[in-house]
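Observations on chain architecture
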Amino acid sequence: MKSGSHLELQNIVFRYPGAKIPVYDQLDFTFEKGRAGLLGDNGSGKTTLFHVLVGLVKPDRGRVLFNGREMENDNDFKFLRRHVGMVFQQADDQLFSPTVIEDVAFGPLNYDCAREEAAEIASRTLKKVGLQGYEHRVTHRLSGGEKRLVALATVLAMEPDVLLLDEPTNDLDKSSRSRLIDILGELEQSYIIISHDQDFLSNLVESYYLLEKGKLIHTTDAILHQHQHFHILGEQNHRHHDSLVD
Amino acid sequence: MIEEKFALGNSVFHKADPVVKLVGAACLLPFVAVNDDLKVILMGLFFGIFFVLLASLELRHVLKHLVVVNIFMFFLWIVLPFSGSGEVLYYFGPLAVYKKGVELPLLITLKANGVSLLIISLLSTSSVQRLGNGLRQLGVSVQFTILLLTTFRYLGVIMQEYGRLRRAAKLRRFKPGLSLHTYRTYAYLIAMTFVRSYEQGNRVNNAMIMRGFSGTFPIMDLPSKNSDYKVGTLLALSFTILIAVSII
């Protein structure tokens, strides 16, 4: 059974400063548990939707509900943020400690975890994302893929019920990407992923939210279709999922 | 990001509470820096060397730092000995080398090296994050310490951003010259760097809020009390010796 929390947006209206057309026009959203993808064009407000959910952006109108309770002030959102974790688009924005363990333990320590406990949670979380032994590595010297995984670990260490992932495969190479798919596939948490990488999404999520013209459409049917795709050295045999084709 | 080469280690200096070291540094550094007494300066240099050895830092890195300091000193040595007045040591062709002109750069060189070694052994053996916490405990305001810590962490990122913008300009065949176009381009570059840093600052702040940040940076390992006493005593003793030497 996946853990989850009931997140709800009601009648959200939001306009970016200086914009004429609101990015959300009476938008409604509900999410309980499971794994969902959030799709939409550039500038359709996917990231901002996450920010509204966790109270980093205040909508012009509308309500944010968490487990049925309306989130009204900063303290409400503080409470919500203990249960809803967010992995940001740029790992560099998330990592600021000199060593990996300090960064991963930052969240638990902020929530008054004892040092030993925080260190233990951090080590356990690093193991979960396949980075055991990285505790004392210097954060800024890690590769892009490793940084991404550490950023994920910093959020997982807070043991949230729901994860919000903003373009987690951005700039990842093939092997890091498949590693991320494995890790996310194993998680017991519910999550919502923003991604343009639809192959990646189809590996992980059960339903999709489509953000279009200020509204959200929720669907569980994804259409599997075949299309041409590009292979470097296409003349040679290559692996195609599990079968080998010419 | 600026590297903290000396911050990791297992010596007493590494294990001691930054508060103890900050107080020690606040006493020793200005005392050596403003003193004109050769004995005190030599003693300061001696303590610097002694502490660096105690901290078992990699000497190669320490020497690299000293080279940078001494490059500045080199320029003093080119100019100062030939300027001044009074007693002449010897003549160097048509130029006179004055005694005072040699004494002054000598004092400055010894002082600079001593102070650098003290800073390396006392302050660089704690990460900036821990020093920030130490400053907090000593009553420095939260705002100041956060400013210090985040500036330190993101200076490198901001520099990268500026480098990226400059490369973009260069790739479009921008050649700096004495023209309004150059000034305007540089103004744009700097302004864009500010805008982007501001935006990044917001993003970092958001990421920190999401992880429950409320103004203080938690620290992972507690400094060992034992090392605190050792380093505290050592620093108090050194300071007393310096004062004694300056009086004699």
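Here the structure is shown first, and the text comes after it.
Residues numbered from 1 in each chain as written. Chains lettered and ligands numbered in written order. Predicted model: local features only at pLDDT ≥ 70, side-chain atom pairs only at ≥ 80, totals over all residues. Heavy atoms only, no water.

1. A word on the packing of helix α7 (residues 142–171) of chain B against helix α8 (residues 180–210) of chain B
Residues and elements named next belong to chain B. Between α7 and α8, whose axes approach to 9 Å, the crossing angle comes to 140 degrees. Taken together, α7 and α8 sit at an angle that is classed as oblique. Every pair of crossing elements has a handedness; the one defined by α7 and α8 is right-handed. Note on element contacts: α8 touches α7 through Tyr186, Leu189, Ile190, Met192, Thr193, Arg196, Ser197, Gln200 and Val204, opposite Tyr154, Val157, Ile158, Glu161, Tyr162, Leu165 and Arg166. (Axes fitted to C-alpha atoms, helices over the stretch in contact; angles between N-to-C directions. Helix = DSSP H or I, 4+ residues; strand = E, 2+ residues; numbered from the N terminus. Parallel < 35°, antiparallel > 145°, perpendicular 65-115°, else oblique. Left-handed = near helix turned anticlockwise from the far one by under 90°. Contact = heavy atoms within 4.5 Å.)

2. Some remarks on the pattern of salt bridges
Under the defined criterion, the tally for this structure stands at 15 salt bridges over all chains. The partner of Glu70 of chain A in a salt bridge is Arg63 of chain A, and the shortest N-O contact between them spans 2.8 Å. For Glu70 of chain A, a relative accessible area of 26% corresponds to the partly exposed category. Look at Arg63 of chain A and you get partly exposed, because its relative accessible area is 34%. Among the ionic pairs, Glu161 of chain B bridges to Arg164 of chain B, the shortest N-O distance being 3.6 Å. (Salt bridge = Lys/Arg side-chain N within 4 Å of Asp/Glu carboxyl O. Buried < 20%, exposed > 50% of the residue type's maximum accessible area, 1.4 Å probe, protein only.)

3. Focus on unusual backbone geometry
All names here are of chain A. The backbone of Asp112 shows a phi angle near 60 degrees, a positive value even though the residue is not glycine. Position of Asp112 among the secondary structure elements: in the loop between α4 (100–110) and α5 (115–128). Backbone geometry places Lys213, a non-glycine residue, at a positive phi of 50 degrees. For Lys213, the position within the fold is in the loop between β9 (207–212) and β10 (215–219).

4. Re empty space enclosed by the protein
Taken as a whole and judged by the stated rule, the model has two cavities of 30 Å³ or more. Considered as a void within the structure, the largest cavity measures approximately 130 Å³ in volume. Surrounding the largest cavity, 14 residues form its lining, Phe96 of chain A together with Gln129, Leu149, Arg153 and Phe217 of chain B being those nearest its centre. Every element with two or more residues in the lining of the largest cavity is listed here: α6 (128–137), α7 and α8 of chain B. Among the elements that take part in the lining of the largest cavity, α7 of chain B stands out by supplying five residues, more than any other. Of the residues that constitute the lining of the largest cavity, the class distribution is ten nonpolar, two polar and two charged. Lining of the second largest cavity is provided by Gly132, Asn133, Arg136, Thr145, Ile146, Leu149, Gly215, Thr216 and Phe217 of chain B. Those elements giving two or more residues to the lining of the second largest cavity turn out to be α6 and α7 of chain B. (1 Å grid on protein atoms, 1.4 Å probe; cavity = no way out; pocket = protein on both sides within 12 Å on 5 of 7 lines; lining within 4 Å. Points joined across faces, edges and corners; volume = space filled by probe spheres on them. Nonpolar A, V, L, I, M, F, W, Y, C, P; charged D, E, K, R; others polar.)

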